[in-house]
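Summary of structural features
This is what each chain is made of:
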Amino acid sequence: MWLIAGNTLREAARQRFFQFLLLLAFTLTFGARWLRDFNFGAPELKFLADCGFGAMAFLGAALTIAATAQLFFSEVDNRTALTLLAKPVWRAEFVLGKLLGVAALAAVFCALLTGLLSLVLAWREAELVRLLPDAVAPGGGVSHAMVALGGLMQWLRLLVLAAFTLLVATFAQSQLFSVVTGFLVLVVCHLQHLAQDAYVRAGSAAGLVASALISSVFPDFQVFQIADSLAAADLPATGDVLRVTLYALGYSAAAAGLAVVSFRRREI
Amino acid sequence: MIYRLKKWLGLLASRRLITVAIVIAGLAATGVILSAIIAPARDSIRARQPALRLDAAGAGQGAALAILGGFRALVADFAWIRMYTIWERRDLPGTEMLLRLVTTIDPRPVYFWLNSARITAYDFPFWRVLAAGGFETVPEDVQRRLSHEQARSALRGLETAMRFHPGSVELWVERANIELNRLGDLNAAAESYRRAWELPGAPHYVARLRAEVLRRAGRRAEALEWLTRLHPTLPPADEGAAADVVLGRIRDLERELGVPKERSYRPPGARE
């Protein structure tokens with residue numbers, strides 16, 4: 001399983017798509033400094049952080065969905081999966097290896113961007129303190145622990161997304177279907193709380209059943225916004241962070257388990 | 001009929017359908033278990049930070065992009081720039097839609113709420129009167145009605161903003177200003193200035209404005225009492241606190257109310 005995961009990571013890292021998205025995300029995070037002239041509402045450092053996390057969320061989701069579907073179907077379409085499964089490798093190991101490889105890829109992506117974001121924020125904060133000593137209140141500077149937590153939350157979100165995309169891929173017939181469905185899952189997970197609220201407001205029994213089904217089948221991605229601040233004072237309670245982590249790992253494990261079940265029933 | 005039933009049963013029994021059913025059931029069971037775990041964290045996340053405005057209509061593609069992409073601040077900023085170009089053309093529906101879009105995408109900056117309220121309360125009535133024929137053509141009562149409609153719309157916006165920023169002095173001051181300048185409701189304005197003054201970090205001019213509004217509303221005794229309670233709390237060295245100005249207003253009010261000299265206010269440290 002670890003061998004498959006390692007190979008998946010290496011294969012993904014060699015792909016131009018990964019390199020392009022990484023470069024784009026780096027450019028966006030670093031270049032946010034020059035976009036600050038367009039900023040009106042938020043404090044400058046918050047604006048920079050939003051751009052960095054935005055790049056991580058948007059491009060990370062694109063990378064995760066595309067990489068998961070592509071790496072899975074390349075094995076199936078090229079018949080290398082058959083060769084691999086002819087050896088003493090369980091289907092479960094194959095599926096979990098793929099997931100771990102994509103999870104590692106997402107971790108590398110998030111870690112690199114979080115590091116860069118931290119550097120950009122520290123650099124700009126130092127500049128602001130030098131130019132405008134009153135601009136940054138004492139104790140009101142950037143909390144790098146908060147930035148790291150934000151990066152961790154982005155990774156957890158991508159992990160869940162990868163598990164769901166892999167689940168779809170195990171019973172889908174084409175890569176395109178998996179990619180499209182992966183993006184639909186992303187949309188639903190982001191908006192499921194809206195549907196929930198709307199159904200509850202409507203008050204109909206059918207709506208409530210639909211709401212309950214949607215909210216239990218799809219994870220709520222809003223909970224990963226737990227680190228939506230830069231102030232150390234806003235650091236969430238450890239219990240809340242653990243709950244969100246458990247939530248992400250729980251959904252990922254369930255989706256991965258179901259992907260194994262689905263893949264075992266599939267004819268390759 | 002039997003053929004169709006057989007076909008339907010065959011479909012039901014197909015492997016893929018069974019797989020899908022297992023997947024949905026498995027995920028639903030997981031969701032039920034995990035919802036109990038995440039509930040306390042979700043509540044605290046919702047309580048701690050302003051999320052996207054879920055109840056706003058007309059959020060459109062911009063909101064969807066911001067929600068999915070995470071570029072809330074950036075999308076809101078670009079929508080704000082777009083709003084200004086439309087504002088220059090005095091396109092009321094377009095401006096209103098973009099104001100709503102911006103505060104929907106990113107309700108965190110108070111700046112957006114304040115300026116939305118100002119545009120709604122001060123610019124929109126002006127545009128509506130011009131669109132109806134101009135200030136010389138439109139009767140004054142119609143002008144007043146339009147102004148009040150827009151002022152109330154701005155106040156509704158500020159009320160929504162206060163749900164996201166309950167500790168914002170600026171929002172209460174803006175509310176008071178609109179009540180004072182657009183609705184002419186002096187009592188409501190006095191109350192809003194009082195609410196603003198009670199918040200931490202309120203500037204001293206807010207307290208002085210409340211006294212002035214009370215005086216204009218004919219509630220001079222209340223204004224005097226307010227200022228006599230305020231004056232001892234003002235730091236004498238702080239120019240913004242304007243303790244001398246406040247003392248001067250106290251003396252004016254005492255004169256207007258005919259307060260006898262022996263009952264007049266004595267500032268702390270004054271000689272007997």
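Parameters and conventions
Within each chain, residue numbers correspond to sequence positions counted from 1 in written order. All chains are assigned letters beginning at A, and all ligands numbers beginning at 1, according to the order in which they are written. Totals for whole chains, interfaces and linings use every residue, but because this is a predicted model, local features are given only for residues with pLDDT of at least 70 and side-chain atom pairs only at 80 or more, for both listing and counting. Each helix is a run of H or I in the DSSP string that is no shorter than four residues. Each strand is a run of E no shorter than two, and both are numbered from the N terminus. Only the C-alpha atoms count toward the radius of gyration. The rule for a globule is 2.2 Å times the residue count to the power 0.38. By the convention adopted here, residues are in contact when the distance between their C-beta atoms, placed from the backbone, does not exceed 7 Å. For the purposes of this description, domain bounds are those given by an automatic or database domain assignment. Ten residue types, Ala, Val, Leu, Ile, Met, Phe, Trp, Tyr, Cys and Pro, are classed as nonpolar, four, Asp, Glu, Lys and Arg, as charged, and the remainder, Gly among them, as polar. A helix is expected to span 1.5 Å multiplied by its residue count minus one. For the exposure call, what matters is how many other C-beta atoms sit within 10 Å of a residue's own: 20 or more marks it buried, 12 or fewer exposed, and in between partly exposed, using C-beta atoms placed from the backbone. Put simply, a nonpolar core is a cluster of buried Ala, Val, Leu, Ile, Met, Phe, Trp, Tyr and Cys residues tied together by C-beta atoms within 7 Å. A fitted line through C-alpha atoms represents every axis, and for helices the fit uses only the stretch in contact; the resulting angles, taken between N-to-C directions, go from 0 to 180 degrees. Here the word oblique covers every angle except those under 35 degrees (roughly parallel), over 145 (roughly antiparallel) and from 65 to 115 (roughly perpendicular). For every residue, the predictor reports its confidence as pLDDT, a number between 0 and 100.

**Some details on the overall build of chain A**
Counting its secondary structure elements, chain A contains nine helices and zero strands. Reading chain A from its N end, one meets helices and strands in the order α-α-α-α-α-α-α-α-α. On C-alpha atoms alone, chain A measures out to a radius of gyration of 20 Å, which is about the 18 Å that the 2.2 N^0.38 rule sets for 268 residues. Dimensions along the principal axes, computed over C-alpha positions, put chain A at roughly 65 × 50 × 30 Å. Taking all contacts inside chain A whose residues are at least 6 apart in sequence as the whole, residues at least 24 apart take part in 80%.

**Comments concerning the domain arrangement of chain B**
Residues and elements named next belong to chain B. Partitioning chain B into domains gives domain 1 (56–106), domain 2 (110–202) and domain 3 (220–272). Contact residues are listed per partner, giving ten residues for domain 1 and seven residues for domain 2. Those elements that provide at least two residues to the side of domain 1 that touches domain 2 are α4 (72–88) and α5 (92–105). Of the residues contributing to the side of domain 1 that touches domain 2, the split by class is six nonpolar, two polar and two charged.

**Describing the interface of chain B and chain A**
In this assembly, 42 residues from chain B lie in contact with 43 residues from chain A. Where the side of chain B that touches chain A is concerned, the elements lending two or more residues are α2 (15–48), α3 (60–69), α4 and α6 (110–131) of chain B. Top element by residues in the side of chain B that touches chain A is α2(B). It accounts for 21 residues. In terms of residue class, the side of chain B that touches chain A is built from 26 nonpolar, nine polar and seven charged.

**Comments concerning helix α2 (residues 16–35) of chain A**
Because an α-helix packs 3.6 residues into every turn, residues spaced three or four apart end up facing the same way. Residue and element names in this part refer to chain A. Compared with an ideal rise of 1.5 Å per residue, which puts 20 residues at 28 Å, α2 spans 27 Å between its outermost C-alpha atoms and is within 8% of the ideal. When we look at burial in α2, the residues that qualify are Leu21, Ala25, Leu28, Thr29 and Ala32. Buried residues along α2 sit against α3 (44–77) and α5 (91–131).

**Description of the nonpolar core**
If you look at the biggest cluster of nonpolar residues, it comprises 141 residues, and the most contacted ones within it are Leu99(A), Ala106(A), Leu159(A), Ala162(A), Ala163(A), Leu166(A) and Val102(B). Counting residues per element, this core draws most heavily on α3(A), which supplies 19 residues. When near neighbours in sequence (up to four residues on either side) are disregarded, Ala162(A) contacts Thr64(A), Thr68(A), Leu99(A), Val102(A), Ala103(A) and Ala106(A).

**Some remarks on α3(A)**
Residue and element names in this part refer to chain A. Counted at 1.5 Å a residue, the expected span for α3 with its 34 residues is 50 Å, and the 48 Å between its end C-alpha atoms agrees. With 27 of its 34 residues buried, α3 lies for the most part within the structure. Of the residues one or two after α3, Arg79 is the one with positive phi, at around 65°.

**Observations regarding the packing of α6(B) against helix α8 (residues 169–181) of chain B**
All names here are of chain B. At their nearest, the axes of α6 and α8 sit 10 Å apart, and the two run at 5° to each other. As summarised for this structure, α6 and α8 are arranged roughly parallel, according to the angle between their axes. From α6, Val110, Trp113, Leu114, Ala117 and Ala121 reach across to α8, where they touch Glu170, Leu171, Glu174 and Ile178. Of the residues belonging to the contact of α6 with α8, the class tally is seven nonpolar, no polar and two charged.

**Thoughts on the packing of α5(B) against α6(B)**
Residues and elements named next belong to chain B. Two numbers describe how α5 lies on α6: the axes approach to 11 Å, and their chain directions differ by 170°. With respect to α6, the element α5 is oriented roughly antiparallel. Residues Leu92, Thr95, Leu99, Val102 and Thr103 of α5 form the contact with α6, whose own contacting residues are Phe112, Trp113, Ser116, Ile119, Phe124, Trp127 and Arg128. Residue composition of the contact of α5 with α6, grouped by class: eight nonpolar, three polar and one charged.

**Let's talk about the confidence of the model for chain B**
Residue and element names in this part refer to chain B. Looking at chain B as a whole, the pLDDT averages 85, with 85% of positions reaching at least 70. Mean pLDDT across the secondary structure elements of chain B bottoms out at α3, with 52, and peaks at α8, with 96. The model gives residues 51–62 a pLDDT under 50, and that stretch makes 21 contacts with residues more than four places away or in other chains.

**Some thoughts on the environment of Ser116(B)**
Within the element layout of this structure, Ser116(B) appears in helix α6. Non-local contacts of Ser116(B), meaning those with residues more than four positions away in its chain, are made with Leu99(B), Thr103(B) and Gly157(B).

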